[in-house]
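For reference, the chains in residue letters:
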Amino acid sequence: MEDLRFRRQVDDCQPYVAGESEASVLRRYDLEKVVKLGSNENPFAPYPHEKEAMQESLNFFESLS
């Protein structure tokens, strides 16, 4: 039988808990406007090595066509 256990590091992870809604944050902090970002988004530009990797990927796929 196949062993389907996860690595210990995975077992130690806590489940994802979604953040507050935009309306809740507006009320809590008495704000007029709020921008909600997804869990994998941030307001900063990508790091230079990330931009380079993206460009290399685009170049690779363009070379296939």
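Residues numbered from 1 in each chain as written. Predicted model: local features only at pLDDT ≥ 70, side-chain atom pairs only at ≥ 80, totals over all residues. Heavy atoms only, no water.

1. Section: the overall build of the chain
Point 1. Helix and strand counts for the chain stand at 3 helices and 0 strands.
Point 2. If you list the helices and strands of the chain from N to C, you get α-α-α.
Point 3. By the compact-globule yardstick of 11 Å for 65 residues, the chain is too spread out, its C-alpha radius of gyration being 20 Å.
Point 4. Summarising its shape, the C-alpha atoms of the chain cover approximately 50 × 45 × 20 Å along the three principal directions.
Point 5. Out of the 65 residues belonging to the chain, those deemed buried represent 3%.
Point 6. Entry remark: accessible area of the chain is about 6900 Å², with carbon and sulfur atoms responsible for 56%. (Helix = DSSP H or I, 4+ residues; strand = E, 2+ residues; numbered from the N terminus. Rg over C-alpha atoms; globule rule 2.2 N^0.38 Å. Buried < 20%, exposed > 50% of the residue type's maximum accessible area, 1.4 Å probe, protein only. Areas by Shrake-Rupley, 256 points an atom, 1.4 Å probe, with all protein chains shown as cover.)

2. Description of the packing of aromatic side chains
Point 1. Counting across every chain of the model gives 1 aromatic pair.
Point 2. Ring centres of F60 and F61 lie 5.1 Å apart, and the angle between their planes is 75 degrees; on these two criteria the pair is classed as edge-to-face.
Point 3. Take F61: its relative accessible area is 53%, and that puts it in the exposed class. (Phe/Tyr/Trp six-rings, centres within 6.5 Å; stacked < 30°, edge-to-face > 60°.)

3. Looking at a nonpolar patch on the surface
Point 1. Among the surface-exposed residues, F60, F61 and L64 lie close enough to one another that they form a single nonpolar patch of about 360 Å² accessible area.
Point 2. Positionally, F61 belongs in helix α3 (residues 48-64). (Patch = residues over 30% accessible without salt bridge, like charges linked within 9 Å, V, L, I, M, F, W, Y side chains within 5 Å. Salt bridge = Lys/Arg side-chain N within 4 Å of Asp/Glu carboxyl O.)

4. As for unusual backbone geometry
Point 1. Phi is positive for D30, close to 50 degrees, though the residue is something other than glycine.
Point 2. As for its position among the elements, D30 is in the loop between α2 (22-29) and α3.
Point 3. A residue is classified by how much of its surface remains accessible, and D30, at 71% relative accessible area, is exposed.

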